[in-house]
Amino acid sequence: MNKIIRNTLILTAITLVSGLLLGFVHELTAAPIAEQEALAKANAYAEVFPGAETFTVIDDTAEAAAFMAEKGYSAQEINEIAEACDASGNVVGHVFNLTTPEGYGGDIQMTVGVQNDMTMLGISFLSISETAGLGMNADTDTWKAQFAGIQADEIVYTKSGKTADNEIDAVSSATITTKAVTGAVNAALCLAGYYAE
């Protein structure tokens with residue numbers, strides 16, 4: 001009986017010390033991690049809307065999400081919406097930070113920059129873990145560049161070569177990734193239309 005009590009006390013002490021150490025490490029690393037995430041987001045916003053001087057986060061994601069779901073984009077989640085402003089403070093477009101769960105490797109978090117005239121300026125990934133050599137090819141400058149300059153309410157992907165202004169070439173052998181990214185981009189375009197109205 002004494003052996004059971006002693007082992008229980010030892011395990012309790014180990015658990016308590018481990019918990020305290022984990023809590024300490026979490027507190028120690030939480031601020032630097034948050035700073036890195038904020039910096040990555042700021043860089044992504046600047047990448048997808050290079051002409052903007054400032055980005056102002058707007059707080060109506062619930063209304064925007066309801067609108068997006070009504071238009072058929074219920075799979076995508078809005079993380080944040082920011083107004084892109086010029087040097088005079090005029091709103092020249094929006095940056096949409098979205099997560100889609102439809103990637104082959106799980107969630108894809110990305111940003112999309114869209115001007116007021118519905119011209120896309122670019123996309124950037126904050127988090128993507130698709131298959132190396134296949135879906136991860138979506139995170140190349142060459143593939144992402146094809147979104148810049150598209151002015152459309154919706155884009156489509158093709159496997160046989162782009163022939164229309166609202167088309168992009170699919171990532172080779174990665175249709176699921178292409179479909180997920182295209183869905184998130186179309187959700188962002190839907191939201192851009194919501195704010196343009």
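Let me sum up the structure you'll find in this document. From a predicted model like this one, the values you see are computed outputs, not experimental measurements.

## A look at the overall build of the chain
Summing up its helical and strand segments, the chain has four helices and seven strands in all. Counted from the first residue to the last, the chain has its helices and strands arranged as α-β-α-β-β-β-β-α-β-β-α. Relative to a compact globule of 197 residues, whose C-alpha radius of gyration would be 16 Å, the chain shows 22 Å and is clearly more extended. Taking the principal axes of its C-alpha atoms as reference, the chain extends roughly 80 × 45 × 30 Å. Taking all 197 residues of the chain together, the buried fraction comes to 38%. In the chain, of all internal contacts separated by at least 6 residues, the share reaching a separation of at least 24 is 55%. Summed over its atoms, the accessible surface of the chain is roughly 10,900 Å², and 55% of this surface lies on carbon and sulfur atoms. With 8 positive and 25 negative side-chain charges, the chain shows a separation of 16 Å between the mean positions of the two kinds.

## Digging into the pattern of salt bridges
A complete count under the given rule lists three salt bridges for this structure. Here Lys41 ties to Glu80 by a salt bridge, and the two come within 3.0 Å at their closest N and O atoms. In this pair, Lys41 is assigned in helix 1 (residues 2-48) and Glu80 in strand 2 (residues 77-85), connecting sequence segments 39 residues apart. You can call Lys41 partly exposed: its relative accessible area is 26%. Between Lys144 and Asp139 there is a salt bridge; the shortest N-O distance is 3.3 Å. By relative accessible area, Lys144 is classed as buried at 10%. Given a relative accessible area of 32%, Asp139 falls into the partly exposed group. Connected via shared salt-bridge partners are Glu47, Asp139 and Lys144.

Calculation notes
Residues numbered from 1 in each chain as written. Predicted model: local features only at pLDDT ≥ 70, side-chain atom pairs only at ≥ 80, totals over all residues. Heavy atoms only, no water. Helix = DSSP H or I, 4+ residues; strand = E, 2+ residues; numbered from the N terminus. Rg over C-alpha atoms; globule rule 2.2 N^0.38 Å. Buried < 20%, exposed > 50% of the residue type's maximum accessible area, 1.4 Å probe, protein only. Contact = heavy atoms within 4.5 Å. Areas by Shrake-Rupley, 256 points an atom, 1.4 Å probe, with all protein chains shown as cover. Lys, Arg positive; Asp, Glu negative; His and termini not counted. Charge placed at Lys NZ, Arg CZ, Asp CG, Glu CD. Salt bridge = Lys/Arg side-chain N within 4 Å of Asp/Glu carboxyl O.

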